[in-house]
Amino acid sequence: MKAYEVRQKIKLAGLRPPGTLTLAITGACNLVCCHCWVSAGEATSSDHVPLQTIRRLVKDFAAIGGSGIRITGGEPLCQPEWLEILQFSRSLEFKRVILQTNAILLSDDHITALRKIDFPGLSIQISLDGATAATHDLVRGPGAYSGAINGIMKLVQGGLARRISIFFTEMRHNLLEIPALLDFAYNIGINTVSTGSMVLCGRASETSILSPPGVEQYLNLLERYESDFHFRELYRKTGTVAALEWRAGNAIRQECCTFLENPYITPSGRIYPCLLCHTDEYSVSGVFEKGFIAALDEGIHLWSSLLQISRHRTKNIPECNECPGKLLCAGGCMGRAWGSCGNLLAPDDRCKTRRAIYKKKHLTLPENPATHKSYPKPSVCPDTTVTTG
Ligand code: SF4
Ligand code: SF4
């Protein structure tokens, strides 16, 4: 089947056509982080997806109207042809080319090559899980913090600071370092710091060292935000933290999932309808052999059923029925619910925190939700950002 026919079928099934593809080009990593949700391992060449396979796939993705690509892993810099993959993606004129990395392996030659690829849609998303070596290295191992800072400073000195975005995984031991991290980033010219709480799957479900932040910690962060003008100002310029957005936002989110806008392909060639929803039952394997367009065609009926499940989550989750925030939250992220407890019809793992924040907002259920003001669906699912390792 041709790309435009499959695009049409996707729309007819009530799904959004693919916009940004997250493509894991290797399962290998130079680190073995305790919270890695894809359990990426030590660098071995057998975990790399071959360049020719990637070229074919990315070309098909462009043909179906894709406008952005996120290159991830494992650690993508372990794949020796990662720069060619970025160059090739750039040559297809995607609006966004995103590289997710821990920055440790960045060399001066890489910076020179990245400067040649540079364009306003280039984003280098670097994982930094603390404002100090102690917090970052607890998660990622000794030397990881100095390696990441070294890579960041190379990019900054190479004139690429404006292309860097920092991604921080919220955990119990590091949550209160967010203000210091914003300071660090802003002072060296980085304008984007986003965070997301630890997803309890992969190695994160096995670690005894780390855990997600507690509700009280989030409430303390909110208090700090309210009482600290400097933090508020920096946050306004650079930050996105879900808990602070829940406190401020009033946008209704009746439809939870945005399938198939942000599909995700693993290094073993399995496609999921979004980065966070890893239910094998709703995935298609063998993408590299079948081809991207044929794999999409095969998955349409699965993802259309999954979308129906997501639409009825709030109604089917007992906790949500009486929750004052249900119009804003809609049961949270279905993929996180699956990842943390293996149930598509459970509230997501951040439910307690959300409820505590909604209580602070003094939300009450509208008498007639049907007449409550509705907002357009977001163009990008607010839950899709996550780090691999
Ligand atoms: S809410 Fe979660 S599962 Fe649904 S599209 Fe967004 S990230 Fe994926
Ligand atoms: S906060 Fe919890 S109970 Fe309330 S709508 Fe969200 S998931 Fe449901």
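Look up: the structure comes first, before these words.
For the structure given in this document, a descriptive report is provided here. All values reported here derive from a predicted model rather than from experimental measurement.

Quick notes on the environment of Val 287
Inference 1: With respect to the secondary-structure elements, Val 287 resides in helix H11 (residues 287-290).
Inference 2: Separated by 57 residues in sequence, Val 287 and His 230 have C-alpha atoms that sit 48 Å apart.
Inference 3: Not counting the four nearest positions on each side in its chain, Val 287 is found in contact with Leu 57, Ile 265, Gly 269, Arg 270, Ile 271, Phe 292 and Ala 295.

Remarks on the packing of helix H1 (residues 3-12) against helix H12 (residues 292-311)
Inference 1: At a minimum axis separation of 10 Å, H1 and H12 run at an interaxial angle of 20°. Comparing their axes, H12 and H1 come out roughly parallel. Handedness of the crossing formed by H1 with H12: left-handed. Two secondary-structure elements touch here, H1 through Ala 3, Val 6, Lys 9 and Ile 10 and H12 through Ile 293, Leu 296, Asp 297 and Ile 300.
Inference 2: Looking at the contact of H1 with H12, its residues break down into 6 nonpolar, no polar and 2 charged.

Notes on the pattern of salt bridges
Inference 1: The tally for this structure, following the rule as stated, stands at 13 salt bridges.
Inference 2: Across the salt bridge formed by Arg 162 and Asp 118, the nearest N and O atoms sit 3.2 Å from each other. A residue pair is termed long-range when its members are at least 10 positions apart, and Arg 162 in the loop between helix H6 (144-157) and strand E7 (164-170) and Asp 118 in the loop between helix H4 (108-117) and strand E6 (122-127) qualify at 44 residues.
Inference 3: The exposure class assigned to Arg 162 is partly exposed, which follows from its relative accessible area of 47%.

Notes on the nonpolar core
Inference 1: In terms of nonpolar packing, the biggest core is built from 100 residues, with Leu 23 and Phe 292 touching the most fellow members.
Inference 2: Residues in contact with Leu 23, not counting those within four places in the same chain, are Ile 54, Leu 57, Val 58, Ile 69, Arg 70, Ile 71, Thr 72 and Ile 265.

Here we look at the sheet that holds strand E11 (residues 271-272)
Inference 1: Taken in spatial order, the 9 strands make up an open sheet running E9-E8-E7-E6-E5-E4-E1-E10-E11, and their pairing is mixed. Unpaired on one side and paired on the other, strand E9 (239-240) and E11 mark the two borders of the sheet.
Inference 2: Two elements, strand E8 (residues 192-197) and E9, share 2 bridges in a ladder whose sense is parallel. Each residue of the ladder has a partner; that of Val 193, found in E9, is Gly 239.
Inference 3: The strands touched by helix H2 (residues 51-63) are strand E1 (20-24), strand E4 (68-72) and strand E10 (264-265); relative to E1, the strand with the most contacts, the crossing angle is about 170°.

Comments concerning the packing of aromatic side chains
Inference 1: In the structure shown here, the tally under the stated rule is 7 aromatic pairs.
Inference 2: Seen from their ring centres, Trp 37 and Tyr 264 are 6.0 Å apart, and the 35° between their planes marks the pair as tilted. Here Trp 37 is found in the loop between strand E2 (28-29) and strand E3 (41-42), whereas its partner Tyr 264 is found in strand E10, with 227 residues between them in sequence. For the pair shown, Trp 37 and Tyr 264 are each scored as buried.
Inference 3: Centroid distance Tyr 264 to Tyr 272: 6.2 Å. Interplanar angle 20°. Geometry classified as stacked. An identical accessibility class is assigned to Tyr 264 and Tyr 272; each is buried.
Inference 4: Three or more aromatic residues joined by ring pairs make a cluster, and in this case those are Trp 37, Tyr 264 and Tyr 272.
Inference 5: If you follow Arg 90 out to its NZ or CZ, it ends over the ring of Phe 119, 3.8 Å from the centre.
Inference 6: Over the aromatic face of Phe 231 sits the side chain of Arg 224, whose NZ or CZ is 5.9 Å from the ring centroid.

Thoughts on the pairing of E4
Inference 1: With respect to burial, E4 is a largely interior element, 5 of its 5 residues being buried.
Inference 2: Here E4 shows two buried faces, one formed by Gly 68, Arg 70 and Thr 72 and the other by Ile 69 and Ile 71.
Inference 3: Across 4 bridges, E4 lies against strand E5 (residues 96-101) in parallel orientation. Each bridged residue has a counterpart across the sheet, and for Arg 70 the counterpart in E5 is Ile 98.
Inference 4: A crossover connection joins E4 to the parallel E5 through helix H3 (residues 82-91); in handedness this β-α-β unit is right-handed.

Some words on the side chain of Thr 207
Inference 1: With respect to the helices and strands, Thr 207 occurs in the loop between E8 and helix H8 (215-227).
Inference 2: Thr 207 gets classed as buried once you look at its relative accessible area, which sits at 17%.
Inference 3: Within the local environment of Thr 207, its side chain forms a polar contact with the backbone nitrogen of Leu 210, the two atoms lying 3.3 Å apart.
Inference 4: Beyond its immediate stretch of four places on either side in the chain, Thr 207 contacts Cys 34 and Met 198.

Here is what the cut-offs are and how they apply
Within any chain, residue numbers begin from 1 and follow the written order of that chain's sequence. Whichever chain is written first becomes A and whichever ligand is written first becomes 1, with later ones labelled in order. Local features are withheld for residues below a pLDDT of 70 in this predicted model, meaning they are given only at 70 or higher, and side-chain atom pairs are given and counted only at 80 or more; totals for whole chains, interfaces and linings count all residues. The side-chain figures draw on all heavy atoms in the structure; neither hydrogens nor water molecules are used. Helix numbers and strand numbers start at the N terminus; a helix is a DSSP run of H or I with at least 4 residues, a strand a run of E with at least 2. Any two residues whose heavy atoms approach within 4.5 Å at even a single point are treated as in contact. A fitted line through C-alpha atoms represents every axis, and for helices the fit uses only the stretch in contact; the resulting angles, taken between N-to-C directions, go from 0 to 180 degrees. Angle categories: roughly parallel below 35 degrees, roughly antiparallel above 145, roughly perpendicular from 65 to 115, and oblique for all the rest. Take the far helix as the reference: if the near one is turned anticlockwise from it by less than a right angle, the crossing is left-handed, and if turned clockwise, right-handed. Amino acids are sorted into nonpolar (Ala, Val, Leu, Ile, Met, Phe, Trp, Tyr, Cys and Pro), charged (Asp, Glu, Lys and Arg) and polar (every other residue, Gly among them). Salt bridge, as applied in this entry: a Lys or Arg side-chain nitrogen positioned within 4 Å of an Asp or Glu carboxyl oxygen. Relative accessibility thresholds used throughout: buried, under 20% of the residue-type maximum; exposed, over 50%; partly exposed, between the two (1.4 Å probe, protein chains only). The definition of a nonpolar core used throughout is a set of buried Ala, Val, Leu, Ile, Met, Phe, Trp, Tyr and Cys residues joined through side-chain atoms within 4.5 Å. In this description, strands pair whenever DSSP reports at least two bridges between them. Stacked, tilted and edge-to-face pairs are distinguished by plane angle, under 30 degrees for stacked and over 60 for edge-to-face with tilted covering the rest, among Phe, Tyr and Trp rings (Trp via its six-membered ring) whose centres lie within 6.5 Å. Each ring is checked for a lysine NZ or an arginine CZ that lies within 6 Å of its centre and within 35 degrees of its normal; such an atom marks a charge sitting over the ring. Orienting the strands away from the viewer, one traces the path from the first strand over the helix to the second; a clockwise path indicates a right-handed crossover. In the analysis that follows, any N or O atom pair within 3.5 Å is treated as a polar contact, provided that within protein one partner can donate a hydrogen and the other can accept it, and provided that, for residues neighboring in sequence, both atoms belong to side chains.

Purely spatial values, then, with no claim about function.
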